[in-house]
Each structure stands twice: as C-alpha cells, then as structure tokens.
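What follows is each chain in one-letter form.
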Amino acid sequence: MARRVAIVGTGQTYHKSHRLDVNGRELINEAVTRALADCELSIADIDAIIIGNMDHFESINYVDTWSVEGSGGYMKPIMKVTTGGTTGSSVAIAGYYHVASGLFDKVLAIGWEKNSESDTTAAIVTCSDPIWDRFSYSGAIPSLATEASAYMEQYGATQEDAARVAVRERTHALNNPYAQMYNRPITIKDVMESPMLAYPIKLLDVCPRTDGACAVVFAAEGVAEKIAVRPAWVKSCSVRHTTTWFGDVDYNTGMLSLKRASKEAFEKAGIKDPVEEIDVAELYLPYSYAGLKWIEAIGFCGPGEGPKFIWDGNTDMGGKLPINPSGGVMCTNCIGATALLRVAEAAIQIMGKGEARQVPDVTNAMATGFGGCWWSDVVILGKDKPN
Amino acid sequence: MDKIAIVGASQTKYERRKKGEIFYDMIYEVTTKAMEDADYTLEDIDNVITVSNDFLDGRTISCMAVQEAAGAHDKNVSTIEGDGAFGAFYGAMRVLGGFGTTLVVAHSKGSEGDPKIITNAMFDPIYHRLLGLDAISSSALQASVYMERYGITEQQCALVSVKNHKNAKNNPYAQLPMDITVDDVMRSKKIADPIKLLDCSPISDGAAAIIIANEKRAKKARTKPIWIKGVAHCSDAYFLGDRDLADPISLKDASKKAYAMAGIKDPMSEIDVVELYDAFTYMEPLWLEGMGICDAGQGGQLIEKGITVMDGKLPVNPSGGVLSAHPVLVAGLVRIIEAALQIRGEAGDHQIKGAKTALAHGINGPCGQSHCVWILGSK
Amino acid sequence: MGIDRKDTELLTVTFDKGMPYEWSIGKYGSRFFQEIKEHKRFLGTRCPKCGRVLVPPRRICGPCFQELDELVELSDTGTIMAFSVVNYPFIDPATGIQRPIPYTYGYINIDGSDNIFSHIINETDANKIKVGMKVRAVFKESQEMEGNIQDIKHFEIIR
Ligand SMILES: [Zn+2]
C-alpha cells in the first residue's frame, strides 16, 4: 500500500542571472540548507536524495555523484532524475514515490541550474534530433512562436493579451524577494516595445535564464505531521510526455499533454471543478502566450477564453484563482530547478509561509512542469490529508 | 516492504557497433520482448522508467529519443540518468508507491561517442577535468591503491578476466566470449598501469528491459515471479582524494541494508549467485569485499581458490559480466536480469543449478562512488 | 601572516572543446536519404492502425505503439504550417560558432504526409511569407550529397 506523503519544507536561492561567487555544489548547498532550516531538520535526518538538472548547461556528467558535498548525499542513497524542462517536477514526483514506497521516511528533492555557465540556446538545440532537426532548430522560441501564432489566428488573441500575462508575472514578483526579476515591474507598453525575437514573441514575453537552486523535503504520514505544523499533502501527480518528434506536435489542438495530465491529476485528487476548487496555481509558463492558452488546456476556462479570464483579473493576487504569486518562470528560470520551484511555491502557499506573496486560505494548490517535446507534469497539493 | 517481483525481462545481443540501429530501435526491441516474456500487452504496463545519459547519447533530454518506443506515449513516465540498477530501483519504488507495474528500459551506444571525453566529464571541471582523468585512468589509480594495500596480484585479477570471458561462451548475448589464459592477460597491452587491455571491459552497444509488478499483477504474468527481497543504494564522497579507494564504504552500507531487508545474515552461504559490475578485473574482488562476501583484502584469494567459478561455492558473473559486454547504464540492469534468469532456471548454458537467491549490483560515478545492491529470491 | 580575503577576483574555467559523435541514422532514415539522392523525393511511413503518414520515416507510431513497415513515396513539395524568422544570436552546437542570422525556421507539411517536417526556408523577410504557402525542396547536386539533412539545402516558396 502506498503511503501518504507531504511536503514539510522548502528552500531556494536568491535567484540571479550570474552567481560567480559560488560553484554549482555551493549553489545547491544554499537551497538545501534553507530547506532543512525551514523544517528544522538536519542532514542526518534525511534518508535519501534525488537531484536533477540538465547535463549540457554545465557539462557535468553524473551530477548525482559530483554534487554530494553540496547536496548532503555523502553516505546516503542518491539518484539523478532528468527529463528536460520537466526535470524539477520529475524530481518532485520522484521524491513523492521514494516516500510513498515505504522505503524512506524523509527525502530531499533538489533541482538546480547555473545557466550562466553555457550558451543556453546552444545547449537546448542539442535536445533536437541530431539527424533530422538539429540543423534547422534554434531552441525553444520558434516552436513557442508557432504555437502563439496558431492560437492568435484561431481565437483572435492579441499581443496585448499576452503582454497582460507578462505584466502580471512581474507585478507578482514584487512580492517575492527570491525572484530574479524582483522589483522590476513592467507595463504593457514596455512589453510591446521590447525587441521582437520571433514573431509574435518579444523579449519581455519570454523567461530569463537564471543561476539558482531549489530543495524540497518530502515526509511520510506519521512523520510529516510532527515536522510541519501544516504539511502540504501530495494529492496527486500526473505525467504525460506524449510526443517524441517535434514534427508530431499538433499546435492547433491545444496542449495535449497538459490536458491529459491535468484531467488525470484532478480525477485522482477528487477535484471536479478545478476553477472553484483550486485556490492557487504555480504554472510552468515559459512565455506569456502560455498564460492564455495553457490555462484553457488545464480547464480553468474554455477554449479561446484565456484572454478574457486574464483581463478580468481572475489570476491576479486577490482574484478568484491567483496564478504564479511567485512571479513564475518568466521571473526566474534556472531550468532544472524551475518546475521544482513551482511545486515548492505551491507547498509554501498550503503551508501559509508565502509572506507578501501569500494567497489567503489555500486548501488546494496546483503546480505544473513543462519541457521536452511539449510534455507536462502536474502535481496537486492540499491542506487536508488525502483519502 | 510489500511483495513485488520481476515478471518480464529482455535484452539485445551486445555488440561493438550496432551501426544499423538507433536508440529507438533497440528500445522497441527490448520493450516488446519484455512484454512477450511476461505475456503482457501495453495495457498491462502502468508506467515507464527510461534510463539514459545525455553525454553518452550526445543529446540534451536524451530520454526524448526513446519514450515513444518504450510505449510511454500516454503513460506516466520518468527518467533516471545513471546506471540501470538505480533506474530499476526507482521503477520498484513506483510499484510500491501505487502503480501495479513498471516497465524499466535502458539503452546505450558506446560506439557513437568518445568514451574518454564522456567519462572525463565525470570529473570536476575546476580541479580535475583538465588533468585528463577518465574512467580508465581513475580506475587504474583505484586498482593500484587496492593492490598495494592488500598485496592483491595482477595474476589474481587476470583470473577474473579468464573466468568471465569463459563464462561468456555460454551466454548468447555476450559480446566477448573468449578462451584466454592468465598469461594472455598478463601479456596484453598495458593501458594504464596496473590495468592491461584484458583487464578492461569493452565498448558496447545494447539495450535491456524489465517489468516489475506488485503481487496481484504478477499473477497475470506468464513467468514465475522473481521477488525483490532487498534493494539499497548509497554514495561515497566525490573527490577521489576524499575517499579511501580500497575501502568501498558505500557498497558496504548498501549491502548491509539490502541484506537486512532480505533477512540475509551470512551472504556467503545464503546467496547462490552474484552478478556484479566488473568494469575492470580488480573490481570483482574489491566489490566482493564490499559486499561482505569475504573480509577486506581477501578478494584475491577468493578468486584464486576458485570459489567464484561456475561450479564454485559462490559463482560470480556466470553471464560473463561487464567484462564481456559493457553497455554503460544498461549493464546494471543486465545484472538484475541475469540474476532473475538464474532464479527462474532460464539461464540456459550458464545456469547455476538450484539458484534460489541472487545478488545483482550496479555502480554510478568514478571508481564506484555510488552502489546499488539488489537481492532477488524465488519466494 | 593573514590571508586577505576582501579583494578576491572571482574566476571561471572555460571549456569550449566539442564532443564528437557518430550517430546511426537507422534503416528507414538511411533509405530516406538514399531516395533524396536517387530520386529527389521524400519518403514517409504509414501507420496501419491510424493511417497517418509520418515523415521522416520511422519505425513506430507512438500513439498506436505499432510497428510501421509501409514506405510511402512523397513528392518534394509541401505547405508552410508555421514559420519563424530567427533573429537572436546563439552558438550553433554543430559548428561551435554563431549561426548566421536572420534565418527562417519552417514547419512544413510535406504533401501526402500527416505531420510536420522541419527545415529552413530561404526567405527572411517575414512580410513575404505566409502560413499556407506552397514550398519546394531545393536539393544539393547528387554527387555533393553526404547522406545528411543538409542534402536538402532549403525550401523555397513556389510563387
Ligand atoms: Zn498510428
């Protein structure tokens, strides 16, 4: 029988574009130290560790073994999970299964990246197939541009609609001192006037690249309640890595992987009406248009209704369903940590530790990961122990 | 721990260069064969773990190349980057954590990249990488520390090569079945003192898969379930200079935990067969010490006394081991498969008669920094 | 003697050496490049279950988990499904130097197929390209072909 599992502590670095003052292991250690302090545990209390990043951003092979002095993995079980952009959520889900298995009571999940250490696009380009796609592929932006244009064509969404999402993220980041874009608010005019990268995507429509790390402590039922006043219970985890070839992704039908993963995650968590029952969402939105279209795939609103849902203020702080109180991916993107940060921020909201970015009375929180070949991971956390 | 079992297994033949096959082809082959082995269809697979490495494959998000071929299109899937023994452990956790079954697949093509550059990338970019350390030179350091400490001889190590390549003659999947003598090994080319060519495992291409199921779902499989009695992993320090290379403490820790789970008190008498990760000959005696099969420094004599040969008291690597085929990452999963086949009684010409309890083992990182130990049983 | 830690200059170590690989193309992919060399036409595989024709040809249909063995001849023309004029600089991992910009990344539906083939389009003026335009592949001369994706030089708009 699977055990119930909760998040009992989180830690993250103050995210920056360049952290020349630390090497990778030291960066990891900052997040680990903060996570342990958050739940008042010591590294000796930790039974196992999972770590993830994307190899070619730092060019380190076997990061699990390389990292042990930073992660605390000396003489502990440690393994590495890597699935591209979804790495952070894959690491979180691995943390969940480590504990759910009954083999480990307290487990540390770590995601990190020092994106300043390489040419991010060059590294991403190597995720495309070396025989077929690498010659023409130029990283994530053109395929996102493709999706955005198709969406605009289909529903008449505008560049201003997307800019509204970008503005929301930066406004929310005013409340999050950890965010790379902390205290850097922007206006719709700023977004519209920023340089065009690939139509219709402009510089302020996309995420930055970041040096940062995140660590999350998972604990078993019976242990979790003693560690945390209000543990964030894992109600469900769902994963769909639907496609293998970029040419097989259908941009017109919406985000298939997110649709399927959300549906399954809500069912498993007993959530029937997501927009009513989810109190806050930390979504992996790598660019502004995702903030319009992907919330439709999740089911927060109907197809084509994304822009109205956003303009009505539903997803702002104080709205019906605040999205990304942390400022999200467009304010911090240390890739291997990015999706774990979503899970950590969702847990922070349940645990009531959000300080300036806290959404009141959170019962259910949702986190997502995005990456690979249009893949999605979904994690639902709750204040109440799942059945 | 709830009862979980290996109910399906498959592997490709291991070859120096599978020129005609891409990763996808190899994964499709082992996925379909593992399902056939268990008499499962894709509907019987609840979730999938793939095992791959971005450096080996020359591709960021290396798992992307194979998920479809592993039947994962509409399934919960994740990826372990590391040896297959660790990947299989995560697969097992997911069965214990709620899934009925997990398919675990691993692939690698050592022939496509440059193993020296790829293993050089294990070493710290600030302090060690520019020195040119790689898998072979770091292992040579470990071999010399170990041999110096306990007076283990090159001839004792050579016996491992003779035994394992001979065992490989009975394994149709092995890459290097060979009849060689201790003299042949001693006279083979010096690669990095004290390691000679015939002390080394080869470069290999191949893939493997297993299906793990809970007790209920195991009943649906055609095969006799091979129960996972104990499994544990542990990592030593990273910098070679911070470790005692002749004392595999992380292996000791993982073994102790796996034995405790399986209720094993005296591994030498309770385990019937061992499949361990012998990337180089010296590793076999050193890992046997770490596993508590013999005392520290006694590994050489254990080999010399013939205890680990096919009809010895405790046969080690009847498949021919990693020395006879070394598809990186896949190799640890192969050890689990071989251990399971022994207990099933389906190991063919390399069957150990009456094997009921088997140990399988995989490693990660330089010089066996991290170890994963499995105990499989018939009941 | 004490150590002055105040004025530490923060250093970095640089690696810029390439990692060589020799990737197999596989049975169907190899046939694809041979068809281009011999007949200057594309090749796809058809799934017997869902009926989709996929290009480049591959061995498995993911959603159906079905092995494909029907090869389908396709022409050298297609339709632009999406495009992007790429304007930001990045290091091309294939060459180690910055890829020349602007260049146009195109998603092309090869006539007779059901998915997207990615390549470049030799038009970098975004105002002169539209989704839905027909394009034709421009190949290298047969004797110059090397059996890789650059045997197709680019796609040109059929005007
Ligand atoms: Zn199909």
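On a predicted model such as this, the values are computed, not experimentally measured, just so you know.

(A) Molecular detail of the overall build of chain B. Helices and strands together make up the secondary structure of chain B, namely 13 helices and 11 strands. The C-alpha radius of gyration computed for chain B amounts to 19 Å, which stays within 12% of the reference 21 Å derived for 379 residues, consistent with globular compactness. Seen through its C-alpha atoms, chain B measures out along the principal axes to roughly 55 × 45 × 40 Å. In chain B, which comprises 379 residues, the proportion classed as buried is 70%. When the accessible area of chain B is evaluated, it comes to approximately 11400 Å², of which 53% is carbon and sulfur surface. The distance from the centre of the 40 positive side-chain charges to the centre of the 48 negative ones in chain B is 4 Å.

(B) Representation of the overall build of chain A in the model. When you go through chain A residue by residue, the secondary structure sums to 15 helices and 11 strands. Against the compact-globule benchmark of 21 Å for 387 residues, chain A has a radius of gyration of 19 Å, which places it among compact chains. Seen through its principal axes, chain A has C-alpha atoms that stretch 55 × 45 × 40 Å. The contacts of chain A with a sequence gap of at least 6 include a subset with a gap of at least 24, amounting to 78%.

(C) Structural context of the sheet that holds strand β7 (residues 205-214) of chain B. Residues and elements named next belong to chain B. The sheet built from nine strands is open, its strands ordered β3-β2-β4-β7-β1-β8-β11-β10-β9 with mixed pairing. Across the chains shown, the open sheet's two edge strands, defined by having one partner strand only, are β3 (76-80) and β9 (273-275). If you compare each strand with its neighbour and ignore which way they point, the axes differ by 25° on average. As defined by bridge partners, β9 adjoins strand β10 (residues 357-364) across three bridges and the pair is classed as parallel.

(D) A look at a positive patch on the surface. Together, K3, K219, K224, K229, K356 and K379 of chain B make up a positively charged patch on the protein surface. Tracing the chain through its elements places K356 of chain B in the loop between α13 (330-344) and β10.

(E) Broad picture of the packing of helix α3 (residues 84-96) of chain B against α13 of chain B. Residues and elements named next belong to chain B. One can describe the packing of α3 onto α13 by two numbers: an axis separation of 5 Å at closest approach and a directional angle of 65°. Our classification of the angle between α3 and α13 gives roughly perpendicular. Two secondary-structure elements touch here, α3 through G84, A85 and A88 and α13 through G332, L333 and I336. Grouping the amino acids of the contact of α3 with α13 by side-chain chemistry returns four nonpolar, two polar and no charged.

(F) Main features of the interface of chain A and chain B. Each partner contributes residues to the interface: chain A has 59 residues there, and chain B has 62 residues. When the buried area of chain A at its contact with chain B is split by residue, N61, Y62 and Y97 of chain A rank highest and sum to 13% of it. K80 of chain A is paired through a salt bridge with E81 of chain B; the nearest N and O atoms lie 2.7 Å apart. Viewed at the interface, chain B and chain A are joined by 27 residue pairs in polar contact (both at pLDDT 80 or more). Among the residues forming the side of chain A that touches chain B, the class breakdown is 29 nonpolar, 19 polar and 11 charged.

(G) View of the interface of chain B and chain C. At the interface, 34 residues of chain B touch 21 residues of chain C. Counting each side, the surface lost to burial between chain B and chain C is near 2100 Å², with a carbon and sulfur contribution of 63%. On the surface where chain B and chain C come into contact, there are two salt bridges. One salt bridge in this structure joins R59 of chain C and D25 of chain B, with 3.3 Å as the shortest N-O distance.

(H) Region of interest: the coordination of the zinc ion. All names here are of chain C. The zinc ion binds to the protein through C47 (SG), C50 (SG), C61 (SG) and C64 (SG); the donor distances cover 2.3 to 2.4 Å. Donor residues for the zinc ion sit on one chain with the sequence pattern C-x2-C-x10-C-x2-C. Both residues of the pair, C61 and C64, count as buried.

(I) Spatial organisation of the domain arrangement of chain A. Residue and element names in this part refer to chain A. According to the domain assignment, chain A consists of domain 1 (5-120 + 210-227) and domain 2 (131-207 + 234-331 + 338-382). Between domain 1 and domain 2, the contact holds 31 residues from the first and 28 residues from the second. Linking domain 1 with domain 2 are one salt bridge, by the criterion used here. Ionic pairing is found between D38 and K353, a salt bridge with its closest N-O pair at 2.9 Å. One can count eight residue pairs in polar contact (both at pLDDT 80 or more) joining domain 1 with domain 2. Among the elements of the structure, β1 (5-12), α5 (87-100), β4 (106-114) and β7 (211-220) are those that each provide at least two residues to the side of domain 1 that touches domain 2. Tallied by class, residues from the side of domain 1 that touches domain 2 come to 15 nonpolar, 14 polar and two charged.

(J) Structural view of the side chain of S194 of chain A. All names here are of chain A. Examined against the element boundaries, S194 turns out to sit in the loop between α9 (188-193) and β5 (196-198). S194 gets classed as buried once you look at its relative accessible area, which sits at 10%. Apart from residues no more than four positions distant in its own chain, S194 is found in contact with K202, L203 and L204.

(K) Layout of a nonpolar patch on the surface. Among the surface-exposed residues, I126, Y127 and L130 of chain B together with V13 and F15 of chain C lie close enough to one another that they form a single nonpolar patch of about 510 Å² accessible area. In this structure, F15 of chain C sits in the segment before α1 (27-39).

(L) Up close: the pairing of strand β8 (residues 117-121) of chain C. Residues and elements named next belong to chain C. Among the five residues of β8, five are classified as buried, and the element is accordingly described as predominantly covered. Examined bridge by bridge, strand β7 (residues 103-110) and β8 share five bridges and lie antiparallel to one another. Each residue of the ladder has a partner; that of I108, found in β8, is F117. A loop of six residues connects β7 with β8, the two strands running antiparallel in sequence, and G112 in this loop sits at a positive phi of about 90°.

(M) Structural detail: unusual backbone geometry. With an omega of 5°, the peptide bond running from D193 of chain B to P194 of chain B counts as cis. Its place among the elements puts P194 of chain B in the loop between β5 (190-192) and β6 (195-196). The residue after I101 of chain C, namely P102 of chain C, is reached through a cis peptide bond having omega -5°. By secondary structure assignment, the location of P102 of chain C is in the loop between β6 (77-86) and β7. Unusually for a residue other than glycine, N324 of chain A sits at a positive phi of about 55°. For N324 of chain A, a relative accessible area of 0% puts it in the buried group. Phi angles above zero are rare outside glycine, and E355 of chain A is one such case at about 50°. Tracing the sequence through the fold places E355 of chain A in the loop between α15 (335-351) and β10 (364-371).

Basis of the calculations
- Residues numbered from 1 in each chain as written.
- Chains lettered and ligands numbered in written order.
- Predicted model: local features only at pLDDT ≥ 70, side-chain atom pairs only at ≥ 80, totals over all residues.
- Heavy atoms only, no water.
- Helix = DSSP H or I, 4+ residues; strand = E, 2+ residues; numbered from the N terminus.
- Rg over C-alpha atoms; globule rule 2.2 N^0.38 Å.
- Buried < 20%, exposed > 50% of the residue type's maximum accessible area, 1.4 Å probe, protein only.
- Areas by Shrake-Rupley, 256 points an atom, 1.4 Å probe, with all protein chains shown as cover.
- Lys, Arg positive; Asp, Glu negative; His and termini not counted.
- Charge placed at Lys NZ, Arg CZ, Asp CG, Glu CD.
- Contact = heavy atoms within 4.5 Å.
- Pairing = 2+ DSSP bridges.
- Axes fitted to C-alpha atoms, helices over the stretch in contact; angles between N-to-C directions.
- Patch = residues over 30% accessible without salt bridge, like charges linked within 9 Å, V, L, I, M, F, W, Y side chains within 5 Å.
- Salt bridge = Lys/Arg side-chain N within 4 Å of Asp/Glu carboxyl O.
- Parallel < 35°, antiparallel > 145°, perpendicular 65-115°, else oblique.
- Nonpolar A, V, L, I, M, F, W, Y, C, P; charged D, E, K, R; others polar.
- Buried area = accessible area lost by both parts, 1.4 Å probe.
- Polar contact = N/O pair within 3.5 Å; in protein donor to acceptor, adjacent residues only side chain to side chain.
- Donors = N, O, S within 2.8 Å, 3.2 Å for Na, K, Ca; no water.
- Domains from an automatic or database assignment.

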